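# Observations on the model geometry
Take a look at the letters that make up each chain.
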Amino acid sequence: ASIQAALETLGHRVTSVPLNDGILPFIRQLESVKPDLVFNLCEGFGEQSAGEYCVAGLLELLGVPYTGSGPFALALALDKPTAKQLFLGAAIPTPAFSVCRDGRLPASGLSYPLILKLAGEDASLGMTAENVVYDEASCRRRLETLFADHQAAVLAEEFVEGREFTVAVLERDPLVLEEIAFSVEPKIVSYRAKWATGSPEDLGTRAVFEPPVTAAERAQMFDLAIRACDVIGTRDYARVDFRMNDRGGLYVLEVNPNPDITPNSGYRGA
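Quick summary incoming for the structure in this document. (Residues numbered from 1 in each chain as written. Predicted model: local features only at pLDDT ≥ 70, side-chain atom pairs only at ≥ 80, totals over all residues. Heavy atoms only, no water.)

### Quick look at the sheet that holds strand β2 (residues 114-118)
On the basis of which strands lie adjacent, the open sheet formed by four strands has the order β1-β4-β2-β3 and antiparallel pairing. Here the strands that pair on one side only, and so sit at the sheet edges, are β1 (97-100) and β3 (132-133). Looking at chain direction, β1 and strand β4 (residues 154-158) are connected through four bridges and run antiparallel. Looking across to β4, one finds that Cys 100 is bridged to Val 154. (Pairing = 2+ DSSP bridges. Helix = DSSP H or I, 4+ residues; strand = E, 2+ residues; numbered from the N terminus.)

Printed below as a string of structure tokens:
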């Protein structure tokens, strides 16, 4: 609604085209409206995150111009292990990781604590305080629960104790540096922190715009954000998430090619 209001304020005629009624009605409405441009806000279809890149691919097939990244970048960013392999290949620092399947423990060589994330999901799905594990026993228990609940591969990543930042990128220009300040433990953005307004997890995280960092740290984050977006192949806008350890070391966690750009998001500082 906020994006529609902003577009109308700029003089554009806006029609909302929902996906909930199915793909065929969606296509028919697009053919009826004949839009000059689709402002693509799709984050999935049929409760499947993969629908995000499938819908972008459908718009490609229909020849309809749209905002945001294309299907390849959307799919690549959603595949966390592959994205991290590409970061490593491009000399972009990212926490050490392993992929766990069928509830099996991560490969040896990782140092606890670890953070467990669904390898092919976004929006912090499945993320709770229990996803930060401090030993093999707690790791095994949480992996078994995640696999039972989601039947999906899990990314086990070395947990970087320290500060968390995001960089909003628009057309390859880093616009906004934001820190996520925590008053909860562990210091993570859980599912409830994102989506359960007024919950302890939500109240325990807050955005700090233009946070206290050195000029060198700011420049490094901006440089890494652009390089990470280039690796994923984002278009138009994106957000890059970082952690900084207590020695000032920076690590790219992931690139979000379809970030929240509403007034309550990091882009409001832009």
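Next comes the rest of the account.
### A closer look at empty space enclosed by the protein
Here the structure, examined in full by the defined rule, presents three cavities of 30 Å³ or more. Of the voids in this model, the largest cavity is the one considered here, and its volume is about 110 Å³. Looking at the largest cavity, the residues that line it are Glu 52, Leu 74, Ala 77, Leu 78, Lys 80, Glu 121, Asp 122, Glu 254, Val 255, Asn 256, Pro 257 and Asn 258. Counting only elements with at least two residues in the lining of the largest cavity, the list comes to α4 (71-78) and β9 (250-256). (1 Å grid on protein atoms, 1.4 Å probe; cavity = no way out; pocket = protein on both sides within 12 Å on 5 of 7 lines; lining within 4 Å. Points joined across faces, edges and corners; volume = space filled by probe spheres on them.)

### Considering the packing of helix α3 (residues 51-62) against α4
Where α3 contacts α4, the two axes come as close as 8 Å, and the packing angle between them is 170°. Relative to α4, the element α3 lies roughly antiparallel. Counted together, Glu 52, Tyr 53, Ala 56, Gly 57 and Glu 60 of α3 and Pro 71, Leu 74, Ala 75 and Leu 78 of α4 form the full contact between these two elements. When its residues are assigned to classes, the contact of α3 with α4 shows six nonpolar, one polar and two charged. (Axes fitted to C-alpha atoms, helices over the stretch in contact; angles between N-to-C directions. Parallel < 35°, antiparallel > 145°, perpendicular 65-115°, else oblique. Contact = heavy atoms within 4.5 Å. Nonpolar A, V, L, I, M, F, W, Y, C, P; charged D, E, K, R; others polar.)

### Side note on the pairing of strand β6 (residues 173-182)
With seven of 10 residues buried, β6 is to be regarded as a mostly interior element. Pairing geometry for strand β5 (residues 163-170) and β6, over seven bridges, is antiparallel. If you follow Glu 164 over to β6, its bridge partner there is Ile 180. As defined by bridge partners, β6 adjoins strand β7 (residues 205-209) across five bridges and the pair is classed as antiparallel. Bridge assignment links Ala 181 to a residue of β7, and that residue is Arg 206. (Buried < 20%, exposed > 50% of the residue type's maximum accessible area, 1.4 Å probe, protein only.)

### Let's talk about the side chain of Glu 164
Residue position: Glu 164 is located in strand β5. A polar contact of 2.6 Å, which involves the side chain of Glu 164, links it to the side chain of Arg 243. Excluding residues that lie within four positions of it along the chain, Glu 164 makes contacts with Glu 178, Glu 179, Ile 180, Phe 182, Lys 187, Val 189, Phe 242 and Arg 243. (Polar contact = N/O pair within 3.5 Å; in protein donor to acceptor, adjacent residues only side chain to side chain.)

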